[in-house]
Amino acid sequence: CSFWAYDDSDMLASRQMLEEFCNEPHRRILARLPLRPLVPYRRMATTHLWTAETFDRVARIKDWIIAQFMASDAEALFLVDSDVLIHPDLPRHLDSLNLPIVSEVFWTRWQTQTPLLPQVWHTHPGGYPNAEWITRLRTPGVYRVGGLGACTLIRRSALAYGLNFAPIEGLYYVGEDRYFCVRANVFGLPLYV
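To start, this report covers the structure provided alongside it. Computed from a predicted structure; not experimentally measured.

### Observations concerning unusual backbone geometry
Part 1 of the reasoning: At Asn-98, a residue that is not glycine, the phi angle is positive and equals roughly 55 degrees.
Part 2 of the reasoning: Looking at the secondary structure, you find Asn-98 in the loop between helix H3 (90-96) and strand E4 (101-103).
Part 3 of the reasoning: Since its relative accessible area comes to 58%, Asn-98 is described here as exposed.
Part 4 of the reasoning: The phi angle at Ala-150 is positive, at roughly 75 degrees, despite the residue not being glycine.
Part 5 of the reasoning: For Ala-150, the position within the fold is in the loop between strand E9 (147-148) and strand E10 (151-155).
Part 6 of the reasoning: Assessed through its relative accessible area of 8%, Ala-150 is described here as buried.

See below:
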């Protein structure tokens, strides 16, 4: 297992932590992304602000990562967003499921006053058919979903279809994970959590 850490931060403390992580053994590689300039990270009172420019930048970063992965001999790519905390065994667990695209369910609030909801969905752009659909995700198991993101293992065989995170013209909703999932659905590649 190799770790590739991609540094796209403009915060000195963050860069130092990442460099320390990559200086430890276990085949850790630190790469500086060739995308400049940085898109400013903007916060609102209770959340961060996503713009079309931000989504586009994240999509280009993830597509650059896919290109690096496809040039390697690795069999699976695990992408996790920087604001998600995972158990150290999670990548191995997801890999053991031997599914083409699989994500771990995690629960998040989009706003401080909203309920916890899963970072997976049934219909685009992030809908759920009913409360029972959401509730079943609390029971351990493997479930097919319409969309996922932020914590995903993708096999080489799925990426060979040409999956990517680039924007799709004509869709009225935005988000690089949504674009990826729409493409996977079009290719008939099932998404699991």
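### Details of empty space enclosed by the protein
A probe matching the size of a water molecule, rolled over the atoms, marks out where space remains unfilled.
Part 1 of the reasoning: As enumerated under the stated definition, the model contains one cavity of 30 Å³ or more in all.
Part 2 of the reasoning: Size it by volume and the largest cavity reaches roughly 70 Å³.
Part 3 of the reasoning: Every residue lining the largest cavity is counted, 14 residues in all, and those nearest its centre are Gly-149, Ala-150, Thr-152, Phe-165 and Asp-177.
Part 4 of the reasoning: Counting residues per element, the ones that place at least two in the lining of the largest cavity are strand E3 (76-80), E10 and helix H6 (176-186).
Part 5 of the reasoning: Its residues placed into classes, the lining of the largest cavity shows nine nonpolar, two polar and three charged.

### Looking at the pairing of E10
Part 1 of the reasoning: Burial analysis of E10 places five of its five residues in the buried class, the great majority of the element.
Part 2 of the reasoning: With burial as the criterion, each face of E10 is covered, one bearing Cys-151, Leu-153 and Arg-155 and the other bearing Thr-152 and Ile-154.
Part 3 of the reasoning: One ladder, built from five bridges, connects E3 with E10; its direction is antiparallel. Each bridged residue has a counterpart across the sheet, and for Val-80 the counterpart in E10 is Cys-151.

### Here we look at the nonpolar core
Part 1 of the reasoning: Ranked by internal contacts, the top residues of the largest apolar core, which has 28 residues, are Ile-101, Leu-148, Leu-159, Leu-163, Phe-180 and Val-193.
Part 2 of the reasoning: Counting only elements with at least two residues in this core, the list comes to helix H2 (52-70), E3, strand E7 (120-121), helix H4 (131-136), helix H5 (156-159) and H6.
Part 3 of the reasoning: Broken down by element, this core gets its largest block of residues, five residues, from H2.
Part 4 of the reasoning: Counting residues in each nonpolar core, the second largest holds ten residues, with Leu-99, Val-102, Phe-106 and Tyr-192 among its members.

### Concerning the packing of aromatic side chains
Part 1 of the reasoning: Applying the stated rule across the entire model yields three aromatic pairs.
Part 2 of the reasoning: Between Tyr-128 and Trp-133 the ring centres are 5.7 Å apart and the planes differ by 35 degrees, which places this aromatic pair in the tilted class.
Part 3 of the reasoning: What makes Tyr-128 partly exposed here is its relative accessible area of 24%.
Part 4 of the reasoning: Here the aromatic rings of Tyr-161 and Phe-187 are separated by 5.6 Å at their centres, their planes lie at 45 degrees, and the arrangement is tilted. Here Tyr-161 is found in the loop between H5 and H6, whereas its partner Phe-187 is found in the loop between H6 and strand E11 (191-192), with 26 residues between them in sequence.
Part 5 of the reasoning: The exposure class of Tyr-161 is partly exposed, given its relative accessible area of 46%.
Part 6 of the reasoning: Among the residues examined, Phe-187 registers a relative accessible area of 39% and is labelled partly exposed.
Part 7 of the reasoning: The side chain of Arg-178 reaches across the aromatic face of Trp-121, ending 5.2 Å from its centre.

### As for H6
Part 1 of the reasoning: Burial within H6 is extensive, with eight of its eleven residues counted as buried.
Part 2 of the reasoning: All of the buried residues in H6 are Glu-176, Asp-177, Tyr-179, Phe-180, Cys-181, Val-182, Arg-183 and Ala-184.
Part 3 of the reasoning: Phi turns positive, to about 80 degrees, at Gly-188, one or two residues after H6.

### Structural notes on the environment of Val-84
Part 1 of the reasoning: By the element assignment, Val-84 lies in the loop between E3 and H3.
Part 2 of the reasoning: For Val-84, a relative accessible area of 14% puts it in the buried group.
Part 3 of the reasoning: Sequence separation between Val-84 and Ala-150 is 66 residues; the distance between their C-alpha atoms is 7.4 Å.
Part 4 of the reasoning: If we ignore the near neighbours within four places in the chain, the residues touching Val-84 are Phe-106 and Ala-150.

What counts, and at which threshold
Residues numbered from 1 in each chain as written. Predicted model: local features only at pLDDT ≥ 70, side-chain atom pairs only at ≥ 80, totals over all residues. Heavy atoms only, no water. Helix = DSSP H or I, 4+ residues; strand = E, 2+ residues; numbered from the N terminus. Buried < 20%, exposed > 50% of the residue type's maximum accessible area, 1.4 Å probe, protein only. 1 Å grid on protein atoms, 1.4 Å probe; cavity = no way out; pocket = protein on both sides within 12 Å on 5 of 7 lines; lining within 4 Å. Points joined across faces, edges and corners; volume = space filled by probe spheres on them. Nonpolar A, V, L, I, M, F, W, Y, C, P; charged D, E, K, R; others polar. Pairing = 2+ DSSP bridges. Core = buried A, V, L, I, M, F, W, Y, C linked by side-chain atoms within 4.5 Å. Phe/Tyr/Trp six-rings, centres within 6.5 Å; stacked < 30°, edge-to-face > 60°. Lys NZ or Arg CZ within 6 Å of the ring centre and 35° of its normal. Contact = heavy atoms within 4.5 Å.

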